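The lines below spell out each chain.
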Amino acid sequence: MLEQSEGQCPVELTVSLIGGKWKLLILYQLDNHGTKRFNELRRIFPDITQRTLTRQLRELESDGLVDRKIFTEIPPKVEYSLSETGRSLVPILLQLKDWGISYREQDRLRVRDELK
């Protein structure tokens, strides 16, 4: 689990937990589509390497944002889902989504106005 210091800025702490190119996207997909197996996540994110996905999932699990369930069967089966703490990020993920939609629309309007 991420070591936290008393004097650490809360924004810095949050960014250290969910920052990077893939973590927010993984959390968003797990919220939208529920529990996923590793290879299902690989198909959702074809540009991510196996090593990077493994590392990101391990960090999210270690920080308590994702639950990892291992099934004892052949071949082995592992599923990932949002933990209770991870689910507490859902309102933030939805705000980021809404902001992105708004920004995309404003940018589209700006480009249209520039072409006039």
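In what follows, the structure referred to is the one given above.
Owing to the predicted nature of the structure, the values given are computational and were not obtained by experimental measurement.

At a minimum axis distance of 8 Å, the contact between helix 1 (residues 10-18) and helix 2 (residues 23-33) shows a crossing angle of 75°. As far as their axial angle goes, helix 2 and helix 1 are roughly perpendicular. Mapping the contact onto sequence places Ser-16, Leu-17 and Ile-18 in helix 1 and Lys-23, Leu-24 and Leu-27 in helix 2. A class-by-class count of the residues in the contact of helix 1 with helix 2 yields four nonpolar, one polar and one charged.

What follows concerns the packing of aromatic side chains. For the coordinates displayed, the defined rule picks out two aromatic pairs. Pairing Trp-22 with Phe-45 gives two aromatic rings, centres 5.6 Å apart and planes at 70°, and the pair type is edge-to-face. Of the two residues, Trp-22 sits in the loop between helix 1 and helix 2 while Phe-45 sits in the loop between helix 3 (38-44) and helix 4 (50-62), which places them 23 residues apart along the sequence. With relative accessibility at 11%, the residue Trp-22 sits in the buried group. Classification of Phe-45 by relative accessible area gives buried; the value is 7%. Each ring, one from Trp-99 and one from Tyr-103, has its centre 5.2 Å from the other, and the planes form 15°; the classification is stacked. Separated by four residues within a single helix, Trp-99 and Tyr-103 lie in helix 6 (residues 90-115), roughly one turn from each other. When its relative accessible area of 56% is taken as the criterion, Trp-99 is described as exposed. One Lys or Arg, Lys-77, reaches over the ring of Phe-71 and ends 4.8 Å from the middle of that ring.

Two strands pair when backbone bridges link them, and strand 2 (residues 66-71) and strand 3 (residues 77-82) are joined in this way by six bridges, in the antiparallel orientation. Opposite Lys-69, over in strand 3, you have Glu-79 as the bridge partner. Taking the residues between adjacent antiparallel strands as the criterion, strand 2 and strand 3 are bridged by five residues.

The next point concerns the environment of Gly-86. Within the secondary structure, Gly-86 is located in helix 5 (residues 84-87). Residue classification places Gly-86 among the buried residues on the basis of a relative accessible area of 1%. As a C-alpha pair, Gly-86 and Glu-6 span 80 residues in sequence and 22 Å in three-dimensional space. Residues contacting Gly-86, with those up to four places away along its chain left out, are Gly-64 and Leu-65.

Residue Pro-75 is reached from Ile-74 by a cis peptide bond, and omega for that bond is -5°. Of note, Pro-75 is situated in the loop between strand 2 and strand 3.

The next subject is helix 1. Taken as a whole, helix 1 has its buried residues at Leu-13, Leu-17 and Ile-18. The arc that holds every buried residue of helix 1, seen down its axis, measures 110°, which confines them to one face. For helix 1, exposure combined with an orientation more than 90 degrees from the buried face picks out Val-11 and Val-15. Tucked into the core, helix 1 has its buried residues touching helix 2 and helix 4.

The rules behind the values
- Residues numbered from 1 in each chain as written.
- Predicted model: local features only at pLDDT ≥ 70, side-chain atom pairs only at ≥ 80, totals over all residues.
- Heavy atoms only, no water.
- Axes fitted to C-alpha atoms, helices over the stretch in contact; angles between N-to-C directions.
- Helix = DSSP H or I, 4+ residues; strand = E, 2+ residues; numbered from the N terminus.
- Parallel < 35°, antiparallel > 145°, perpendicular 65-115°, else oblique.
- Contact = heavy atoms within 4.5 Å.
- Nonpolar A, V, L, I, M, F, W, Y, C, P; charged D, E, K, R; others polar.
- Phe/Tyr/Trp six-rings, centres within 6.5 Å; stacked < 30°, edge-to-face > 60°.
- Buried < 20%, exposed > 50% of the residue type's maximum accessible area, 1.4 Å probe, protein only.
- Lys NZ or Arg CZ within 6 Å of the ring centre and 35° of its normal.
- Pairing = 2+ DSSP bridges.
- Arc of directions from axis to C-beta.

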